[in-house]
Structures are given as structure tokens and as C-alpha cells.
Amino acid sequence: MQSFITDHLAFWIPMYVLALTAWACIGRFMMQVFVAEESPNYIWRGFRLLTDWAVWCARRMVPSYVGPRVLPLVAACWLFGIRLVGGVLAISAGMAPSLTPPGAG
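This is a predicted model, so every value here is computed, not measured.

A.B. asks: What's the story with helix α2 (residues 42–61) in this structure? I'm lost.
C.D. replies: For the α-helix, the turn length of 3.6 residues means that residues three or four positions removed from each other point alike. For α2, which comprises 20 residues, the first-to-last C-alpha distance of 29 Å matches the rise-based estimate of 28 Å (1.5 Å per residue) to within 8%. Taken as a whole, α2 carries its principal kink of about 55° at Thr 51. Here α2 has its buried residues at Trp 44, Arg 48, Thr 51, Ala 54, Val 55 and Ala 58. Against the buried residues of α2 lie α1 (9–31) and α3 (71–92).

Laid out in C-alpha cells, this is it:
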């Protein structure tokens, strides 16, 4: 009997990291209304620690007229898109778990 989790770690870990970062980008986008950019707030610093790399990448992929306050939302959209494409590719390659048991049809 296959383990649902351990046999598909190559699927679960990247999907989890992408989802965590995308949702943290949304949290950062929403929290920036209330918190200054260089605030010592530990929740804000956690959001920045998780999402700085994604916002940095988004800054390089979008036109310069896109404001810095919108970049976390743009990064979240990119991450959700990458997660969708990666999930479809993993399913088509047989790397993702299936809901039907093996040999059930």
C-alpha cells in the first residue's frame, strides 16, 4: 500500500511552498495599509521575510509604472499561476497523488 504523503513529496513540497508564499503575499498586500514599510512589527517582518523574493521577482517581470504597493498582489497572482501550471504538469507526469486507489479502474 502506498503512502499518500511520503510517496508524493516531490509534489507536496513545491505546492506547499508556492501556496504559503502566495497567501503571505496577499497578507502583505493587505497589511501594508496599516503598517509602515520599515515597521518593527514581528508579523510584518515575517510577511516580508517570506515574500521579499517573490516581490523582487515580480518587480522585474512587470512594467515600471506598476506601483510598489501593488507588487505583492502581482507576485501572488504569478505564484498562483505557477502553482496551477506546476500542478497540471505534475498530474500529467504521474507525480501527483490520485484520489482513486491503484487498480480501481
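A.B. asks: Would you take a moment to explain the side chain of Ser 39 for this structure?
C.D. replies: Note on placement: Ser 39 falls in the loop between α1 and α2. At 3.2 Å, the side chain of Ser 39 and the backbone nitrogen of Asn 41 are in polar contact. Residue contacts for Ser 39: discarding those within four places in its chain leaves Trp 44 and Arg 45.

A.B. asks: How should the packing of α1 against α3 be read in this particular structure?
C.D. replies: When two helices pack together, you describe them by how their axes are tilted relative to each other and by the distance separating the axes. Contact pair α1 / α3: the axes reach a minimum separation of 8 Å and the direction vectors enclose 160°. For the element pair α1 / α3, the angle class is roughly antiparallel. Of the two possible hands of crossing, α1 and α3 adopt the one that is left-handed. For the pair α1 and α3, contact is made by Phe 11, Met 15, Leu 18, Ala 19, Thr 21, Ala 22, Trp 23, Cys 25, Ile 26, Arg 28 and Phe 29 and by Pro 72, Leu 73, Ala 75, Ala 76, Leu 79, Phe 80, Ile 82, Arg 83, Gly 86, Gly 87 and Ala 90, respectively. Counted by class, the contact of α1 with α3 contains 17 nonpolar, three polar and two charged residues.

A.B. asks: What's the story with the packing of aromatic side chains in this structure? I'm lost.
C.D. replies: Two descriptors summarise a pair of aromatic rings, namely the distance from one centre to the other and the angle between the planes of the rings. On inspection of all chains with the given rule, the structure shows two aromatic pairs. Considering the side-chain rings of Phe 11 and Trp 12, the 5.2 Å spacing of their centres and the 70° angle between planes classify their relative orientation as edge-to-face. Take Phe 11: its relative accessible area is 13%, and that puts it in the buried class. Arranged with centres 5.3 Å apart and planes meeting at 75°, the rings of Trp 23 and Phe 80 form a pair that is edge-to-face. Taken together, the residues span a long stretch of sequence, with Trp 23 in helix α1 and Phe 80 in helix α3 at a distance of 57 residues. Of the residues examined, Trp 23 reaches a relative accessible area of 54% and is grouped as exposed. You can call Phe 80 partly exposed: its relative accessible area is 26%.

Cut-offs applied
Starting afresh in each chain, residues are numbered from 1 along the sequence in its written order. Residues qualify for local features only when their pLDDT is at least 70, as the model is predicted, and side-chain atom pairs are given and counted only at 80 or more; totals for whole chains, interfaces and linings, by contrast, use all residues. Side-chain measures were taken over the full set of non-hydrogen atoms in the model, leaving aside hydrogen atoms and water. Each helix is a run of DSSP H or I of at least 4 residues and each strand a run of E of at least 2, with the numbering of both proceeding from the N terminus. A helix is expected to span 1.5 Å for every residue after the first. Bend at a given residue is defined as the angle between two axes, one fitted to the seven residues that end at that position and one fitted to the seven that begin there. Classification of residues uses two cut-offs on accessible area relative to the type maximum, computed with a 1.4 Å probe and protein chains only: under 20% is buried, over 50% is exposed, and between them is partly exposed. Only heavy atoms enter the contact rule, under which two residues are in contact if any of them lie within 4.5 Å. Think of a polar contact as two N or O atoms within 3.5 Å of one another; within protein, one of them needs to be a possible hydrogen donor and the other a possible acceptor, and neighboring residues in sequence only count if both atoms come from side chains. The axes used here are C-alpha line fits, helices contributing only the stretch in contact, and every angle between their N-to-C directions lies in the interval 0 to 180 degrees. When describing relative orientation, an angle under 35 degrees is termed roughly parallel and one over 145 degrees roughly antiparallel, while 65 to 115 degrees is termed roughly perpendicular and anything else oblique. Put simply, a crossing is left-handed when the front helix is turned counterclockwise from the back one by less than a right angle, and right-handed when it is turned clockwise. Lys, Arg, Asp and Glu make up the charged group, whereas Ala, Val, Leu, Ile, Met, Phe, Trp, Tyr, Cys and Pro make up the nonpolar group; the residues left over, Gly among them, are polar. For this analysis, a ring pair means two rings from Phe, Tyr or Trp (six-membered ring only for Trp) whose centres lie within 6.5 Å, classed as stacked if their planes differ by under 30 degrees, edge-to-face if by over 60, and tilted for the remaining angles.

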